[in-house]
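Chain and residue survey
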Amino acid sequence: MGTIEKEALQKAVDQEIVIQKVESTENGSCTFFEKYPEMAPFAEKVPEFVRIVFAMKPSADSNIHAEFCIPVKEWNGRFLGTGNGGPGCTMNAEPIVNGLLGRFAVVQYDLGTSPEYEEGITDPEKWNPDAAVGKPEIWKDYGWRANHLAAVTAKKLIAAVTDRAPEYSYFVGASTGGQQGLAEAQRFPEDYDGIITQVPGSNRTFLHTYFLWTVRNFTDAEGKPRFTDADVEKIYQIACGCIEECGLGTKEDGFLTSPAYDAGLVGKVMERVRKENFLTEEQLAALQTIYDGPVNEKTGERVYCGLPVGAELSLQFMKNPEWYVYGSLFPQYWVYGKNYDYKTFNMREELDDFAQKLAPEVNANSADLHAFCKRGGKMIMTGGQQDMVVPAQEITHYYERVIDEMGGLDQTRKFFRYYLIPGYGHTMPDREGTQFLGSEIEEAGWSVPFGHGTSLLHDLMKWVEEGIAPEYVLATGFTKDNQVRFQRPIYAYPDIPKYQGGDPLKPESFAKETGKRHPEIDCCAKRYLIL
């Protein structure tokens, strides 16, 4: 491979793109593993690659940091865009390494929320949440613009380095990365042939209203937790017992096994908690409010769903409300400034103002996927049955709206499939739940670092490139020493895995059963579905 000149690459990209570094592992100039020392164990495992660091500056306030890497000699002809998490703000090396191990050309970017730095940062402690306060252009970068610019720029860099276009383009993201994937399918359907959107935080403004509602009810007026860890553990155990009694779980699992949208389930849990007599009336009222979820306190309109039954353990994260607020209420700070106090947010008067200012740029709520479908795009979406961060009710509600928009379940499944994963928290297992998703564990392997989305990507590639849609994905749980503990087929919504007898830890002990759709889920008033 000849020398790749920085000046030549600068001419190949748009004017708003600034090429900052061009390095190669072949000639020893690459500093990737110096910047990301946690990835050093994989330095000998990845193929030789070219690294291009660039910034995207679509507005005067914008400074979106990005890294593009391509294993030129062993490139598989595919491009992989990768998502970020939370507020963005840092560069995430894991998906870059995963992409290189798979021989993809890969791009990663920080969504523009750390604009004051010359290059992307790796330490979230350096993030300044005030940087986006009152900066609508940065909100655009975060919500949708960085995604599109990164895809367009990466493809131009591929052409400049290899003299050809990628044969296929894929995107993989979870949480905020899941929102990024949906935003791409909705706004720029031509960017990717296939998208994996895991536990997507798509209804962004009201997701963070749910966070605010939950932390305000979990803590008292002084910001101190109302519940101890022991309280939360006991509530969780009671919830699990109620789920088992409803036939929605098994004692062997220790986690939810099918959708628990029974409207009476919360009532059963609250009744049992009250009978156990370990919470005060104030605590009981707060717990009920957390389960109910946020409403506009002036009109009574639903804003978002409440805490899912079975996800109670996640409440323990709120015992340090300062940490929770710092990481979860950044959109409120962006709109109202660094002196904003979450404890005084007015759910009667300020809610609509917050939504109108931010939602058009950061939400990914549109159910209109006609353009993505028409061009042959394919998408896999997952939700976690025990996800407190982005509750499965919200994700299911979005999919149901897509079904209505696209002409029915069968039509939707032709290009977009949703898998509701038991034992899955938020891109992580709930205790001994699912840790790996996909149908080719031997090929992708637990040895692949941080494997989220890796084997799902194999399933998506088969669908896009061979027309073989994934009837199911394989949910796998591991022991502490990385041995397979259980596996289970997870079928496309609304179908569920039905236990047939035998070892409940083996996938062959389950078969597909036609499940019940849940169009009745109403996570928010229609006017709050700001696209």
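Placed above this text is the structure.
For the rest of this paragraph, the subject is the overall build of the protein. The helix and strand tally for the protein stands at 17 helices and 14 strands. Here the protein has a C-alpha radius of gyration of 23 Å; the compact-globule value for 531 residues is 24 Å, and the two agree. Considered along the principal axes of its C-alpha atoms, the protein spans approximately 75 × 60 × 45 Å. The burial tally for the protein puts 60% of its 531 residues in the buried class. Of all intrachain contacts in the protein linking residues separated by at least 6 positions in sequence, the fraction that spans at least 24 positions is 70%.

Time to look at the packing of aromatic side chains. Within this structure, the stated rule accounts for 30 aromatic pairs. Plain terms: the ring middles of Tyr336 and Phe345 are 6.2 Å apart, the flat faces sit at 65 degrees to each other, and that makes the pair edge-to-face. We classify Phe345 as buried; its relative accessible area is 3%. Counting every residue linked through ring pairs, the aromatic cluster contains Phe372, Tyr399, Phe415, Phe416, Tyr418 and Tyr493. Lying across the ring of Trp144, Arg145 places its NZ or CZ 6.0 Å from the centre. The ring of Trp463 carries Arg417 above its face, with NZ or CZ at 5.7 Å from the centroid.

Moving on: the packing of helix 4 (residues 136–162) against helix 12 (residues 351–362). Two elements in contact, helix 4 and helix 12, have axes separated by 7 Å at closest approach and are oriented at 40 degrees. Judged by the angle between their axes, helix 4 and helix 12 are oblique. Across from Trp139, Lys140, Tyr142, Gly143 and Trp144 in helix 4, the residues of helix 12 making contact are Lys357, Leu358, Glu361 and Val362. Its residues placed into classes, the contact of helix 4 with helix 12 shows 5 nonpolar, 1 polar and 3 charged.

The rules behind the values
- Residues numbered from 1 in each chain as written.
- Predicted model: local features only at pLDDT ≥ 70, side-chain atom pairs only at ≥ 80, totals over all residues.
- Heavy atoms only, no water.
- Helix = DSSP H or I, 4+ residues; strand = E, 2+ residues; numbered from the N terminus.
- Rg over C-alpha atoms; globule rule 2.2 N^0.38 Å.
- Buried < 20%, exposed > 50% of the residue type's maximum accessible area, 1.4 Å probe, protein only.
- Contact = heavy atoms within 4.5 Å.
- Phe/Tyr/Trp six-rings, centres within 6.5 Å; stacked < 30°, edge-to-face > 60°.
- Lys NZ or Arg CZ within 6 Å of the ring centre and 35° of its normal.
- Axes fitted to C-alpha atoms, helices over the stretch in contact; angles between N-to-C directions.
- Parallel < 35°, antiparallel > 145°, perpendicular 65-115°, else oblique.
- Nonpolar A, V, L, I, M, F, W, Y, C, P; charged D, E, K, R; others polar.

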